[in-house]
Structures are given as C-alpha cells and as structure tokens.
Amino acid sequence: PPTPNAKAAGLPGHWVVSRRDGRAFGRAPLPEEAEAEPVAGEGDGEGDAIAAEPAPAVKDPASTLRDLLYGSVLEEEGVVEYEIDPVSVSSFMDPHTGQHVTTSGDAVILVDDADASCSICVLSDGTRITSRSVPSMQVTIEHGTLATIACQIDDSGSSPVAE
C-alpha cells in the first residue's frame, strides 16, 4: 500500500481535492472491469466443441483499489476516494472590506466577498478561478498567457455557455 506521504503528494493518475476546512482527499478513476476469459481445453480439431475450464475468480478491480487505499467507491462519480492527511489552513475576515480570506499549506488562496457574490481561488501554479453569482453563475479560469475560459451557467436548466 502507498505511504501517507505518497498519497498526500499525489499518486500517478490520481488527483487531490482539498476542502476549505483543510480536509484532503485523493481521487482516482474506477478501473475498468476485468473480464475473465475461459481457458480453452484441447479438442481434436475436427469441429468438436472446445471444453472451457472455469477461470479463477477475479476480484473486482474497484474493490481492490478501494481496499488498497482504505477508501470508498463513489459510483455516481466513477471514482475511488480516499482520505489523506489534512492541509493546514488559516482564515480571517478583512475588517475594512468584509472579505473572508483563507490560505492553505498547499499554497491556495481563497477570497470570498462579504455578500458571497464573488469568490476567487488562486492555485499554487498561478491559476486563478473566479466565480460570480449575480444574476447567474459565471466561472472564469485564467492562467498566465494561456487562453481564458469563461462559462456562464443559467439557473433555467439549459446547457452552460462557454466562451
């Protein structure tokens, strides 16, 4: 099994989800179902039916991964989620603007407006994610010289519009 440090650093093909309270979880896609193929017996080659030996029982790959990481399977999201060591967080409210600011040990900064209409998240690599909820939800993702992605989500249930 992987060590707690390896889990916190991020295992290959997995991603880390940190929550505002510092709790952190690793996630990995569910492995594909392994199908056991029968082993063909020897026939006389003249069109006789080939007898198949029963294949050994194959353990479900999702439960194997879940057991290895001491996690749980989130079927609706198609992932295995496992808890990793929490990240330290520090929060304060700016008395002048009323903004709520949270910084974390993994170099993430969250800034929420006093009226909760705007939230900004700056990741350790400089990626900036802004979400505004007036009058509909608009999410913008920016990073250096890369293309900016903006998505407007309407409450009417229609598909999001990306720019």
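Residues numbered from 1 in each chain as written. Predicted model: local features only at pLDDT ≥ 70, side-chain atom pairs only at ≥ 80, totals over all residues. Heavy atoms only, no water.

Observations concerning the overall build of the chain
Counting its regular elements, the chain contains two helices and 14 strands. A sequence separation of at least 24 residues applies to 29% of the contacts in the chain between residues at least 6 apart. Carbon and sulfur atoms make up 55% of the accessible area of the chain, which totals about 11,200 Å². (Helix = DSSP H or I, 4+ residues; strand = E, 2+ residues; numbered from the N terminus. Contact = heavy atoms within 4.5 Å. Areas by Shrake-Rupley, 256 points an atom, 1.4 Å probe, with all protein chains shown as cover.)

Notes on the side chain of aspartate 112
Position of aspartate 112 among the secondary structure elements: in strand β9 (residues 109-112). With a relative accessible area of 16%, aspartate 112 lands in the buried category. Among the polar contacts listed, one links the side chain of aspartate 112 to the side chain of arginine 20, at a separation of 2.7 Å. Once residues within four sequence positions are removed from consideration, aspartate 112 is found in contact with Arg20, Gln99, His100, Cys118 and Ser119. (Buried < 20%, exposed > 50% of the residue type's maximum accessible area, 1.4 Å probe, protein only. Polar contact = N/O pair within 3.5 Å; in protein donor to acceptor, adjacent residues only side chain to side chain.)

Topic: the pairing of β9
Alignment of strand β8 (residues 100-104) against β9, held across four bridges, turns out to be antiparallel. Along β9, the bridge assignment pairs valine 101 with valine 111. The sheet contact formed by β9 and strand β10 (residues 118-122) spans four bridges and is antiparallel. Opposite aspartate 112, over in β10, you have serine 119 as the bridge partner. Counting the residues in the hairpin turn of β9 and β10 gives five residues, including alanine 116, whose phi is positive at 60°. (Pairing = 2+ DSSP bridges.)

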